[in-house]
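Next come the chains, spelled out residue by residue.
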Amino acid sequence: MNHHFHNRHVRRFAGLIAAVLIGALLLLWAWNTVAAELLGAPAAGFRHALALAVALAAAGVVIGAAKSLAGAPLGRNGAGDPGR
């Protein structure tokens, strides 16, 4: 296996994990600030926010896969280049 190929995938996976965890923290803060304090809704725990962040990330992956299968161009410039 190409060393650069492996490192790129490890960095992308680590970035995804970091994005999900940071997203969960932001969702938890937003919910507990707005809904719990202002609207009187029950406060959420970290596991609830993490579950929502994982569900949103999974939905993004599914939508991306569906677009790819439907023939949508990949990459930022639409030419199949991921735009490193």
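See the structure above.
Residues numbered from 1 in each chain as written. Predicted model: local features only at pLDDT ≥ 70, side-chain atom pairs only at ≥ 80, totals over all residues. Heavy atoms only, no water.

Q: Just checking my understanding: could you explain the overall build of the chain for this structure?
A: Counting its secondary structure elements, the chain contains 2 helices and 0 strands. Buried positions account for 7% of the 84 residues belonging to the chain. Taking as baseline every contact in the chain between residues at least 6 positions apart, the subset at least 24 positions apart corresponds to 39%. Accessible area of the chain: about 6600 Å², with a carbon and sulfur share of 71%. (Helix = DSSP H or I, 4+ residues; strand = E, 2+ residues; numbered from the N terminus. Buried < 20%, exposed > 50% of the residue type's maximum accessible area, 1.4 Å probe, protein only. Contact = heavy atoms within 4.5 Å. Areas by Shrake-Rupley, 256 points an atom, 1.4 Å probe, with all protein chains shown as cover.)

Q: Help me understand helix H2 (residues 46-69) in this model?
A: Given 3.6 residues per helical turn, the α-helix brings residues three or four places apart onto the same face. With 24 residues, H2 extends 34 Å from end C-alpha to end C-alpha; this agrees with the ideal 34 Å at 1.5 Å per step. Note on H2: the residue one or two positions beyond its end, glycine 71, has a positive phi of about 100 degrees. (Expected span 1.5 Å × (residues − 1).)

Q: It is not clear to me how the nonpolar core should be interpreted in this structure. Could you clarify?
A: Inside soluble globular proteins, nonpolar side chains tend to come together where they are buried. Val20, Ala24, Leu28, Ala49 and Ala53 form the largest nonpolar core, which has 5 residues in total. Looking at this core, the elements with two or more residues in it are helix H1 (3-38) and H2. Considering each element in turn, this core owes the most residues, 3 residues, to H1. With residues near it in sequence (within four places) discarded, leucine 28 still touches Ala44, Gly45, Phe46 and Ala49. (Core = buried A, V, L, I, M, F, W, Y, C linked by side-chain atoms within 4.5 Å.)

Q: Sorry, what's going on with the environment of alanine 30 here?
A: The topology assignment puts alanine 30 in helix H1. Using a relative accessible area of 32% as the deciding quantity, one classes alanine 30 as partly exposed. Considered as a pair, alanine 30 and alanine 49 are 19 residues apart in the sequence and their alpha carbons are 9.9 Å apart.

Q: Even after reading the chapter, I still don't get a nonpolar patch on the surface, so can you show me in this structure?
A: Nonpolar side chains collect at one region of the surface, where Phe13, Leu16, Ile17, Leu21, Leu25 and Phe46 lie side by side and expose about 550 Å² of accessible area between them. The leading source of residues in the nonpolar patch is H1, at 5 residues. Tracing the sequence through the fold places leucine 25 in helix H1. The exposure class assigned to leucine 25 is exposed, which follows from its relative accessible area of 52%. (Patch = residues over 30% accessible without salt bridge, like charges linked within 9 Å, V, L, I, M, F, W, Y side chains within 5 Å. Salt bridge = Lys/Arg side-chain N within 4 Å of Asp/Glu carboxyl O.)

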